[in-house]
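Per-entry structural report
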Amino acid sequence: MTNAYRAAYDLSRSDPERFWLDAAKAINWINPPKRALDDSRPPFYRWFPDARLNVCFNALDRHVIAGRADQPALIYDSPVTDTVTTFTYAELLELVGRAAGVLRDLGVRQGDRVVVYLPMIPEAVITMLACARIGAVHSVVFGGFAPAELAARIDDARPTVVVTASGGVERTRVIPYKPMVDEAIERARHKPDRVLVVQRPQVEAEMGERDVDWATAMRPGAVEPAGCVPVAATDPLYVLYTSGTTGKPKGIVRDSGGYAVALQYSMTHLYGMQPGDVWFTASDVGWVVGHSYIVYAPLIVGCTTVLFEGKPVGTPDASTFWRIVQQHRVRGMFTAPTALRAIKKEDPSGELLKAHDTSSLQTLFMAGERLDPDTWQWATDMLGVPVVDNWWQTETGWPIAINPVGLQRLPIKPGSATVPSPGYDVRVLDERGEQCPPGTEGAVCIKLPLPPGTLPTLWGDDERYVSSYLSAYDGYYLTGDGGYIDDDGYVFVLGRTDDVLNVAGHRLSTGGIEAALSSHPAVAECAVIGVRDQLKGQVPRALVVLKAGEQWSTLTDDQLDTLRSELGAVVREQVGAIATLQQVDIVPALPKTRSGKILRKTMRQLADGDEALVPSTIEDASVLNDLRPVLHP
Ligand code: COA
Ligand code: AMP
């Protein structure tokens, strides 16, 4: 067997110019790239600096021109509203052209930002592509975030227009979105000119002076459709906010040309999908997985993408995914381990699965958090197809490590995301910046430059980009994950080395939750740790020190219970329901180093019942010792 992976990987390292210019041929350019990498200003690297294109053209127009007009582009499958609607490439193009015209008429110009706060409805995909069409920069905010989080993103992105819906339909209730947008704009310093509102039958939004009704604006004939605006390959396509350790989210910038090339390459050569294949990613357009593999990659390649509004369980039951695979003849599917654990809990022996014909499915891809070997084994046994882990992050936009089934299927090692994708020079470094020997754990880093499609910087903040990612080890990008590479070159990612939480495949910041807790008048200081959870991987747990003095030190048990509920409510209100605290403990003090850093990692290890590493710089070991029984009774 030829080693197609090795050949591709080696070429991407030895001659990246040739490798990426070659990959770029699969994209339609207005000005094709003559060179791949601009490395004239390290550590800031740009890809395809002399090229121009339009990403929406590559996702829609070119397929219509090439004869795919009548092929389904998007299947909206929504068990929560009992709807399945198919849009062909021609139909989607028509809607996106009109939506682009609407945005343009609302004053959105090339380079302007559009914040998108929408549930999983076709208008989300249409708005993203409409922005791409006119060179506007979209910033999608996950619907589970509360108004304060949305306001922070509005203030950073400074959008001309916000696009939202009257509400989202969750498993057990309808969540009105529009009041949250109104509150966010009220809180934000920046005020967008217009709010474009999709009214849904399940909930009606009250409209104000600033608001524009989507259906009215989109009426055929009401708007002149907009054509594709040429943009530089280095122009931003979107900004996607992600959680760091502080409360201030990081605006990950995604460029246009490098991203299009990386997605085209990864969808075909890594995920093994071809034009016409049906692809189903069960995530949310609010996350990077949704941006890359619900919207852009499948459409750029000419696949049919399934947009799923529902949950793995409870909508209506644990067979939803398998029903979708059967009904739409899905060939490639992508989900998060937590979703499979939820299904496994309800249908451990796969009875619901067996009742469906899933024979169209060739591969199940998993990402968003570590794929634990038990879940991998269960899914493999149940489905009888390769279950492929892939590791990446909002920052990279596409897999850093994967089993590259499109090139060659490598043997699977449970617990490993397999091998580095072509273009990524993955190294595991120790504290001194030396490379760890195979099998030894350290900080997983990527040697610069990062490949096309990865973040060129943070939105409006080059300095933070350098200090967050590039300053720990000179010449390397710090992923924030710990892990090791084994003798065969397989990458094992074990978890974050910083204080970022991963709850049900959603990345949350300890700092953000702590800031919410600190806004309660009783709180002197607090720490949030992500503790292990069977279903969600991690859940946030809070340790809170109350202010000194009469008022808080004399609370009865009942009053303390009320306080704990209030603290839980403040987090849901300020961060969102996805950050719901598992537990709040009122404690006398928090363990710290002599320089005042709270020992979150040590507390997390104790709470999980793992061996805890107590740093020699601890200020007062008795504080930690007193906490041990609280953390792990
Ligand atoms: N808009 C508004 N609220 C949302 C939301 C959204 N898009 N998504 C979740 N929420 C709310 C839920 O309504 C729920 O609120 P509640 O506590 O008032 O009921 C809360 O956030 C937590 O929701 P969820 O994380 O969905 O937990 P759950 O216990 O209802 O379901 C799982 C558990 C495992 C089924 C669910 O977390 C899941 O589907 N996970 C997979 C996520 C995923 O695909 N991640 C991949 C990213 S790549
Ligand atoms: P996000 O930016 O929200 O996609 O989160 C990225 C983080 O999720 C990574 O830094 C990892 O900590 C974790 N992660 C994502 N995919 C995997 C995976 N396949 N294996 C292990 N961790 C993962």
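Residues numbered from 1 in each chain as written. Chains lettered and ligands numbered in written order. Predicted model: local features only at pLDDT ≥ 70, side-chain atom pairs only at ≥ 80, totals over all residues. Heavy atoms only, no water.

As annotated in an unreviewed UniProt entry, the protein carries the name Propionyl-CoA synthetase and comes from Metallococcus carri. According to the UniProt record, the Sequence similarities (unreviewed entry) comment for the protein is "Belongs to the ATP-dependent AMP-binding enzyme family." (UniProt positions renumbered as here; feature names shortened; annotations may be inferred.)

This next bit is on the overall build of the protein. If you tally the helices and strands in the protein, you get 20 helices and 31 strands. Its C-alpha atoms give the protein a radius of gyration of 24 Å, within 12% of the compact-globule value 26 Å for 633 residues. Dimensions of the protein, computed from the C-alpha atoms along their principal axes, are close to 75 × 60 × 55 Å. Burial analysis of the protein (633 residues in total) assigns 61% to the buried set. (Helix = DSSP H or I, 4+ residues; strand = E, 2+ residues; numbered from the N terminus. Rg over C-alpha atoms; globule rule 2.2 N^0.38 Å. Buried < 20%, exposed > 50% of the residue type's maximum accessible area, 1.4 Å probe, protein only.)

To continue, consider the site of ligand 1. Lining the immediate environment of ligand 1, one finds 23 residues, of which Arg171, Arg173, Pro312, Lys536 and Arg572 sit closest. Separating an oxygen atom of ligand 1 from a backbone N or O atom of Ala282 is a distance of 3.4 Å. At a separation of 3.3 Å, a nitrogen atom of ligand 1 approaches a polar backbone atom of Ala504. Coverage of ligand 1 by the protein amounts to 84% of the 950 Å² it exposes when considered alone. The class makeup of the residues in the shell around ligand 1 is eleven nonpolar, six polar and six charged. Viewed by domain, the shell around ligand 1 spans two of them, domain 1 (3-310 + 392-479) and domain 2 (506-631), each represented by three or more residues. (Near = heavy atom within 4 Å. Polar contact = N/O pair within 3.5 Å; in protein donor to acceptor, adjacent residues only side chain to side chain. Areas by Shrake-Rupley, 256 points an atom, 1.4 Å probe, with all protein chains shown as cover. Nonpolar A, V, L, I, M, F, W, Y, C, P; charged D, E, K, R; others polar. Domains from an automatic or database assignment.)

Counting residues in each nonpolar core, the largest one holds 126 residues, and the members touching the most others are Leu129 and Tyr296. Ranked by the residues each element gives to this core, the list is headed by helix H10 (residues 288-301), at ten residues. Leaving out residues up to four positions away in the same chain, Tyr296 has contacts with Val55, Met128, Leu129, Ala132, His138, Leu237, Tyr238, Tyr259, Leu263 and His291. Judged by nonpolar contacts, the second largest core, of 50 residues, contains Val141, Ile154, Val181 and Leu501. (Core = buried A, V, L, I, M, F, W, Y, C linked by side-chain atoms within 4.5 Å. Contact = heavy atoms within 4.5 Å.)

With that out of the way, let us pick up empty space enclosed by the protein. Counted by the stated rule, this structure contains four cavities of 30 Å³ or more. Estimates place the volume of the largest cavity at around 110 Å³. Lining the largest cavity are 14 residues, and of these Tyr45, Trp47, Thr454, Leu455 and Pro456 sit closest to its centre. Split by residue class, the lining of the largest cavity holds ten nonpolar, two polar and two charged. Taken as a whole, the second largest cavity holds about 100 Å³ of empty space. (1 Å grid on protein atoms, 1.4 Å probe; cavity = no way out; pocket = protein on both sides within 12 Å on 5 of 7 lines; lining within 4 Å. Points joined across faces, edges and corners; volume = space filled by probe spheres on them.)

Inspection of the entire model under this criterion finds 33 salt bridges. Among the ionic pairs, Asp425 bridges to Arg13, the shortest N-O distance being 3.4 Å. Separated by 412 residues along the polypeptide, Asp425 in the loop between strand S22 (419-420) and strand S23 (426-429) and Arg13 in helix H1 (residues 4-14) bring together distant segments of the chain. On the basis of relative accessible area, Asp425 is assigned to the buried category, the value being 9%. Asp38 is paired through a salt bridge with Arg35; the nearest N and O atoms lie 3.9 Å apart. Judged by relative accessible area, which is 38%, Arg35 ranks as partly exposed. Connected via shared salt-bridge partners are Arg13, Asp425 and Arg427. (Salt bridge = Lys/Arg side-chain N within 4 Å of Asp/Glu carboxyl O.)

What follows deals with the UniProt feature "domain: AMP-dependent synthetase/ligase" (unreviewed entry) in the protein. The UniProt record marks residues 65-448 with the feature "domain: AMP-dependent synthetase/ligase" (unreviewed entry), using the residue numbering of this structure. Helix and strand shares over residues 65-448 are 32% and 24% respectively, and the end C-alpha atoms of the span are 38 Å apart.

Let us look at the sheet that holds S22. Overall, mixed pairing links the nine strands, which are arranged S5-S4-S17-S16-S18-S19-S20-S21-S22 in an open sheet. In this open sheet, the two strands that pair with only one neighbour each are strand S5 (83-88) and S22. Sheet topology note: the strand S18 (residues 332-335)/strand S19 (residues 363-366) ladder contains four bridges and is parallel. Bridge assignment links Phe334 to a residue of S19, and that residue is Phe365. Contacting strand S4 (72-78), S5 and strand S17 (304-308), helix H5 (residues 122-134) crosses the sheet at an angle of about 145 degrees to S4. (Pairing = 2+ DSSP bridges. Axes fitted to C-alpha atoms, helices over the stretch in contact; angles between N-to-C directions.)

If you check helix H4 (residues 89-105), its first and last C-alpha atoms are 24 Å apart, about what 17 residues at 1.5 Å a residue would give, namely 24 Å. Counting buried positions along H4 gives twelve out of 17 residues, so the element sits mostly inside the fold. Of the positions making up H4, those classed as buried are Tyr89, Leu92, Leu93, Leu95, Val96, Gly97, Arg98, Ala99, Ala100, Gly101, Val102 and Leu103. (Expected span 1.5 Å × (residues − 1).)

What follows concerns the domain arrangement of the protein. For interface size, the figure often reported is the accessible area lost on association. Examined at the domain level, the protein breaks down into domain 1 (3-310 + 392-479) and domain 2 (506-631). Averaged C-alpha coordinates put domain 1 and domain 2 at centres separated by 34 Å. Facing 18 residues of domain 1, the contacting portion of domain 2 comprises 14 residues. Sorting the residues of domain 1 by area buried against domain 2 places Ala146, Ser243 and Trp287 first, and these three jointly supply 33% of that buried surface. Where domain 1 packs against domain 2, one counts one salt bridge. Ionic pairing is found between Arg507 and Glu395, a salt bridge with its closest N-O pair at 2.8 Å. Applying the counting rule to domain 1 against domain 2 returns four residue pairs in polar contact (both at pLDDT 80 or more). In terms of residue count, helix H6 (residues 147-157) provides more of the side of domain 1 that touches domain 2 than any other element does, three residues in total. (Buried area = accessible area lost by both parts, 1.4 Å probe.)

Attention now moves to the environment of Glu204. Counting through the fold element by element, Glu204 comes out in the loop between strand S11 (194-198) and strand S12 (211-213). Here Glu204 falls in the exposed class, since its relative accessible area comes to 72%. Residues Glu204 and Tyr177, spaced 27 residues apart in sequence, show a C-alpha to C-alpha distance of 10.0 Å. Sequence-distant contacts of Glu204, that is, excluding residues within four places in its chain, are made with Ser166 and Gln199.

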